[in-house]
Amino acid sequence: YRDLHTFELQAPTRLIEWARGNRVCVAGYGQSHGNEILQLIPPPTLLTKETQGLCPERDFKVECGGFSERPVYSLKYVPDTSLLVTSGPPDNSLQVWQVSAEDSDVIKSVSTIATENDTGQSWAKIATISARAPWVLHGSRLDRVQITEVESRKNVYTTASRGSEELSGLAFLDCNTLLLCCATGRLCLADIRQPQCLTEATAVPSAPCSEQWCMGTRHGAQGLETSSQPVARLSSRGLLILTDLRKTSEFLALVKTRVPSPASGAEFLCASWAPALEGYLAISGFDGTVHVYDTQSWDSSGREAEPIFIHKGHAFGGAGGSGDSPLVTVHTWHLQKPRTLLSAASDGSLHVWDWVQPCGKC
């Protein structure tokens, strides 16, 4: 490691979200009520773009916080605002939160975005954007995806799909284009200017029906056109498929990752592209580790890919309350520091780490 910071949370978290001023938002998912939502100030070394020398202050600090009466399974900061949107069981409604002003340390609930026929549905996956107005993209199934204006709660868009497959993720590619990923691996592109049309990418290889998929999009990279953004699909048995959105009829790459064993489901599967490092991808959700890959030499042969780095800090950090080894529940990349990642685990540990570049790599 070049650097490693650790922070112990009061409860397991499955969320890490960057907010204004390089703040970090986290939330708990382990309780039926009283789950914390916290905004943390990172260590000073993470607040500068350049790597600094020794710094006496190495801990995160809690800047403000609040409590959710339901488990928080998804949390997104609304760009250019002081709002957060969360979702979680027992239905697919959304909760909107106001991050406190400078004279207060409270994150308070301000409204709820309800959806039709949400009783009995799984929790909503969410994405946010503020290109035109503060919008939230949300839904639990392919035929129930909506865009809602956060402050007015006005419906802006609803998908027109005959399929009702469960969603594992969704994303804004830009203010008009949406990307939807089903738990079966089905990938669909939607344009809000053409609500009746969904474009489907090449299907994933046939596999047992129990196999689950998630996706990772590389949006927000500077100088990268939307049409050239690669999309990664990760399966619970360790398959990774890369798709170029300019040519969705074929795979850009197909590899088998070096994971210890298939994940029991897609609940904690996570795949994410480095925003400041071309072609680098991280995956987690199989055990207490995070694997980092360089995808630039990948092809569609289905061969096993070798990770360039494995973060094992959570696996050696101690067992969770059940006596089992901790499971990494989520990870994310630092927005400016190329090789810096944040990861959280089921034992409440939060790690920030930066690995040393292998010899021979630029």
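For the structure itself, consult the block above.
Keep in mind it's a predicted model, so treat the numbers as computed, not measured.

Next up on the list: the overall build of the protein chain. Within the protein chain one finds 0 helices and 28 strands. Per-residue burial over the protein chain gives 55% buried out of 362 residues. At a minimum sequence separation of 6, the contacts of the protein chain that also span at least 24 residues come to 52%. Accessible surface for the protein chain amounts to roughly 16,000 Å². Of this, 48% is attributable to carbon and sulfur atoms.

Trp 135, Leu 137, Ile 147, Leu 167, Leu 170, Phe 172 and Leu 178 are the most contacted members of the largest nonpolar core, which totals 18 residues. Broken down by secondary-structure element, the contributors of at least two residues to this core are strand S10 (125-129), strand S11 (135-139), strand S14 (167-172), strand S15 (177-182) and strand S16 (187-191). If we ignore the near neighbours within four places in the chain, the residues touching Trp 135 are Ala 127, Thr 128, Ile 129, Ile 147, Thr 148, Glu 149, Val 150, Val 156, Phe 172, Cys 175 and Ile 192. Leu 242, Val 259, Leu 269 and Ile 283 belong to the second-largest nonpolar core, a separate cluster that totals 17 residues.

This brings us to the environment of Thr 159. On the secondary structure map, Thr 159 appears in the loop between strand S13 (155-158) and S14. For the pair formed by Thr 159 and Gln 146, sequence separation is 13 residues and the distance between their alpha carbons is 6.5 Å. If we ignore the near neighbours within four places in the chain, the residues touching Thr 159 are Leu 142, Asp 143, Arg 144, Val 145, Leu 180 and Pro 195. At 3.0 Å, the side chain of Thr 159 and the backbone oxygen of Leu 142 are in polar contact.

If you walk through the whole model with that rule in mind, you get 10 aromatic pairs. Relative to Trp 355, the ring of Tyr 280 has its centre 6.5 Å away and its plane inclined at 25 degrees; by these criteria the two rings are stacked. Of the two residues, Tyr 280 sits in strand S23 (residues 280-284) while Trp 355 sits in the segment after strand S28 (349-354), which places them 75 residues apart along the sequence. Owing to a relative accessible area of 5%, Tyr 280 belongs among the buried residues under this scheme. Where Phe 309 meets Trp 355, the ring centres are 5.7 Å apart and the plane angle is 15 degrees; that geometry is what we call stacked. One end of the pair, Phe 309, is in strand S25 (residues 309-311); the other, Trp 355, is in the segment after S28, and 46 residues separate them in sequence. A relative accessible area of 16% means that Phe 309 is categorised as buried. Among the aromatic residues, those joined into a cluster by ring pairs are Tyr 1, Tyr 280, Phe 309, Trp 333, Trp 353 and Trp 355.

Turning to the environment of Cys 25, a few remarks are in order. Checked against the element boundaries, Cys 25 lands in strand S3 (residues 24-27). Accessibility expressed as a relative area gives 0% for Cys 25, which makes it buried. Along the primary structure Cys 25 and Leu 84 are separated by 59 residues, whereas in three dimensions their C-alpha atoms are 9.1 Å apart. Beyond its immediate chain neighbours, meaning those up to four positions away, Cys 25 contacts Leu 15, Ile 16, Glu 17, Ala 19, Leu 38, Gln 39, Leu 75 and Leu 84.

Here the focus is the state of the cysteines. Within the structure shown, the criterion is met by 0 disulfides. Considering cysteine sulfurs only, Cys 188 is the nearest to Cys 182, which forms no disulfide, with 5.5 Å between them.

This brings us to the pattern of salt bridges. Tallied over the full model, the rule gives 13 salt bridges. Linking Glu 267 and Arg 14 is a salt bridge whose minimum nitrogen-to-oxygen distance equals 3.4 Å. You can see Glu 267 sitting in the loop between strand S21 (253-256) and strand S22 (270-273) and its partner Arg 14 sitting in the loop between strand S1 (3-8) and strand S2 (17-18), a full 253 residues away along the chain. Since its relative accessible area comes to 43%, Glu 267 is described here as partly exposed. For the salt bridge of Glu 165 with Arg 186, the shortest nitrogen-to-oxygen distance reads 2.6 Å.

One open sheet holds the 4 strands; their spatial order is S2-S3-S4-S5, and the pairing between them is antiparallel. Bordering the open sheet on either side are S2 and strand S5 (61-68), each of which pairs with just one other strand. Sheet topology note: the S2/S3 ladder contains 2 bridges and is antiparallel. Within S3, the residue paired with Glu 17 across the bridge is Cys 25.

We now examine the sheet that holds S14. Working definition: the strands of a sheet are paired by backbone hydrogen bonds and lie parallel or antiparallel to each other. Strand order in the open sheet formed by 4 strands is S14-S15-S16-S17, with antiparallel pairing between adjacent strands. Of all strands in the sheet, those with a lone pairing partner are S14 and strand S17 (198-200), marking the two edges. Neighbour-to-neighbour, the strand axes of the sheet open up by a mean angle of 20 degrees, direction not taken into account.

This paragraph deals with the side chain of Gln 39. Among the structural elements, Gln 39 can be located in strand S4 (residues 35-41). Every residue in contact with Gln 39, bar those within four places of it in the chain, is listed here: Ala 19, Arg 23, Val 24, Cys 25, Lys 61, Val 62, Glu 63, Cys 64, Val 99 and Ile 107.

Each value, and the rule that gives it
The written sequence of each chain sets the order in which its residues are numbered from 1. For this predicted model, a pLDDT threshold of at least 70 governs which residues receive local features, and a threshold of 80 or more governs which side-chain atom pairs are given and counted, while totals over whole chains, interfaces and linings are taken from all residues. Values reported for side chains reflect all heavy atoms of the structure, with hydrogen atoms and water molecules removed beforehand. Secondary structure elements are taken from DSSP: a helix is a run of H or I of four residues or more, a strand is a run of E of two residues or more, and numbering for both begins at the N terminus. The rule is simple: take the accessible area with a 1.4 Å probe, protein chains only, and divide by the maximum for that residue type; under 20% is buried, over 50% is exposed, in between is partly exposed. Residue contacts are defined here by distance: any two heavy atoms, one from each residue, within 4.5 Å place the two residues in contact. Here, Shrake-Rupley sampling with a 1.4 Å probe gives the accessible areas, and only protein chains in the shown set may cover a residue. Note on terminology: a nonpolar core comprises buried Ala, Val, Leu, Ile, Met, Phe, Trp, Tyr and Cys residues joined through side-chain atoms within 4.5 Å. Polar contacts, as counted here, are pairs of nitrogen or oxygen atoms within 3.5 Å of one another; within protein the pair requires one atom able to donate a hydrogen and one able to accept it, and residues that are adjacent in sequence qualify only if both atoms are side-chain atoms. Each Phe, Tyr or Trp ring (for Trp, its six-membered ring) is paired with any other whose centre lies within 6.5 Å, and the angle between the two planes then decides the class: stacked below 30 degrees, edge-to-face above 60, tilted in between. Defined by distance alone, a disulfide is two cysteine sulfur atoms within 2.5 Å. One side-chain nitrogen of Lys or Arg within 4 Å of one carboxyl oxygen of Asp or Glu is enough to make a salt bridge. Here, any two strands with at least 2 DSSP bridges between them count as paired. Axis geometry follows a simple rule: fit a line to the C-alpha atoms, using only the stretch in contact for helices, then measure angles between N-to-C directions, giving values from 0 to 180 degrees.

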